[in-house]
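Commentary on secondary and tertiary structure
Here are the chains, one letter per residue:
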Amino acid sequence: YWDSEAENWIKGLRSDFTYNEYGDMMSETMYDWDAEMQDWVEDKIGTYYYRQADIIDVTLQSLTVSEGTLSPAFNASIREYSVNVANAVTTITISASASDAGATVSGTGSKSLDIGPNEFKIVVTAEDGVTKRTYTVTVIREGLSASTNA
């Protein structure tokens, strides 16, 4: 902190964090302010690395549809997808599996389609039963095409 009477930094604490591609914290390095050196120095605690067991994984390992193609292509860090299907397609099957064997996935299976956009939520629930991540698949079923008779 800044000591206004001494007009100097007396003590401070700062942390730097690293994250994986899913936004989970992987490490934390703590620093103290050294007033004499006027710089941040690594704290005696140093860097704490989070074990994989400390990280709750609520990502999907796979996500597929029986008709059409997911857009964008599946990537566990992307949570919103769209699929275009022809008017003749009245149902679609959504399949998904969790990255963590202890997690559960809901919202999959056979789905009826209305004409236009149909939004389906796929929810991954961690083993703790509390932590969740939702993926959204919007299936757009074409309307009837207008035909003209000459």
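Conventions we followed
- Residues numbered from 1 in each chain as written.
- Predicted model: local features only at pLDDT ≥ 70, side-chain atom pairs only at ≥ 80, totals over all residues.
- Heavy atoms only, no water.
- Salt bridge = Lys/Arg side-chain N within 4 Å of Asp/Glu carboxyl O.
- Pairing = 2+ DSSP bridges.
- Helix = DSSP H or I, 4+ residues; strand = E, 2+ residues; numbered from the N terminus.
- Axes fitted to C-alpha atoms, helices over the stretch in contact; angles between N-to-C directions.
- pLDDT = per-residue confidence, 0-100.
- Contact = heavy atoms within 4.5 Å.

Focus on the pattern of salt bridges
Scanning the model with the defined rule gives one salt bridge in all. For E119, the salt bridge goes to K121, with nearest N and O atoms at 3.4 Å.

Quick word on the sheet that holds strand β7 (residues 80-85)
In spatial order, the strands read β7-β12-β11-β9; together these four strands make up an open sheet with mixed pairing. Edge strands, defined here as strands with exactly one partner in the open sheet, are β7 and β9 (104-106). With strand direction ignored, the average angle separating the axes of adjacent strands in the sheet is 20 degrees. Bridge count between strand β11 (residues 116-125) and strand β12 (residues 132-141): 10 bridges; the pairing is antiparallel. Looking at β12, one finds that N118 is bridged to V139.

What to know about the confidence of the model for the protein chain
For the protein chain, mean pLDDT is 79; residues scoring 70 or higher make up 60% of the total. Segment residues 49-53 is flagged for pLDDT under 50; beyond a separation of four residues in sequence, or across chains, it makes seven contacts in the model.

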